[in-house]
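# Architecture and fold: a report
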Amino acid sequence: LRCCVRAPGNCGHATKRRSCSALHKRRADSFVTDPSGKQFVGNQPVGSQTLATDSRNNVEVVEIAKAKKGTYTFSVIGSNVSVGPQDFALAAATL
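Reading guide: rules and limits
- Residues numbered from 1 in each chain as written.
- Predicted model: local features only at pLDDT ≥ 70, side-chain atom pairs only at ≥ 80, totals over all residues.
- Heavy atoms only, no water.
- Helix = DSSP H or I, 4+ residues; strand = E, 2+ residues; numbered from the N terminus.
- Buried < 20%, exposed > 50% of the residue type's maximum accessible area, 1.4 Å probe, protein only.
- Pairing = 2+ DSSP bridges.
- Axes fitted to C-alpha atoms, helices over the stretch in contact; angles between N-to-C directions.
- 1 Å grid on protein atoms, 1.4 Å probe; cavity = no way out; pocket = protein on both sides within 12 Å on 5 of 7 lines; lining within 4 Å.
- Points joined across faces, edges and corners; volume = space filled by probe spheres on them.
- Nonpolar A, V, L, I, M, F, W, Y, C, P; charged D, E, K, R; others polar.
- Polar contact = N/O pair within 3.5 Å; in protein donor to acceptor, adjacent residues only side chain to side chain.
- Salt bridge = Lys/Arg side-chain N within 4 Å of Asp/Glu carboxyl O.
- pLDDT = per-residue confidence, 0-100.
- Contact = heavy atoms within 4.5 Å.

The phi angle at Asn43 is positive, at roughly 65°, despite the residue not being glycine. Even without glycine at this site, Lys66 takes up a positive phi of about 55°. Among the structural elements, Lys66 can be located in the loop between strand 4 (59–63) and strand 5 (73–80). For Lys66, a relative accessible area of 82% puts it in the exposed group.

Next up on the list: the sheet that holds strand 2 (residues 27–33). Taken together, the three strands give an open sheet; going across it, the order is 3-2-5, and neighbouring strands pair in antiparallel fashion. Here the strands that pair on one side only, and so sit at the sheet edges, are strand 3 (39–41) and strand 5. Adjacent strand axes in the sheet meet at a mean angle of 25° when their direction is disregarded.

Turning our eyes to something else, we now look at the layout of surface pockets. Computed from the structure, the largest pocket encloses a volume of approximately 250 Å³. Lining the largest pocket are 21 residues, with Lys38, Phe40, Gly47, Ser48 and Ile64 sitting closest to its centre. Only strand 3 and strand 4 provide two or more residues apiece to the lining of the largest pocket. The element that contributes the greatest number of residues to the lining of the largest pocket is strand 3, accounting for three residues. Of the residues assigned to the lining of the largest pocket, the class counts are ten nonpolar, six polar and five charged.

With that out of the way, let us pick up the environment of Tyr72. Following the sequence through the fold, Tyr72 ends up in the loop between strand 4 and strand 5. In sequence terms Tyr72 and Pro35 are 37 residues apart; their C-alpha atoms lie 5.8 Å from each other. Polar contacts involving the side chain of Tyr72 include one to the main-chain amide nitrogen of Lys68, which spans 2.8 Å.

Now for the pattern of salt bridges. In total, this model carries one salt bridge according to the counting rule given. We note a salt bridge from Asp34 to Lys68, for which the minimum N-O separation is 3.7 Å. Of this pair, Asp34 sits in the loop between strand 2 and strand 3 while Lys68 is found in the loop between strand 4 and strand 5, placing the two residues 34 residues apart along the sequence.

Let us look at the confidence of the model for the chain. Scored by pLDDT, the chain has a mean of 75; 72% of the residues are at 70 or more. By mean pLDDT, helix 1 (residues 20–24) is the weakest element of the chain at 47, and strand 3 is the strongest at 91. Residue range residues 10–23 is modelled with pLDDT below 50. Its contacts to residues more than four positions away, or to other chains, number 13 contacts.

And the structure:
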């Protein structure tokens, strides 16, 4: 299972009040919970046991090797959104 989240942060939305650098600092952290309750965090190596979030990228990937059958929960949390709401895109696929 692979999940990818992208929070926009380009200069096309810059205004006098919101500079490009401020938009690039916007972040959305992604989390996936499998049917057994195990949680996976965006941009961690496959099999990683850490739940640390990635504070440098506005694109995150959660990759789960040998995904179990069942219901998965996808969560996206805007962790640095000075002006909202924050749009994001989510894509999920089995490989």
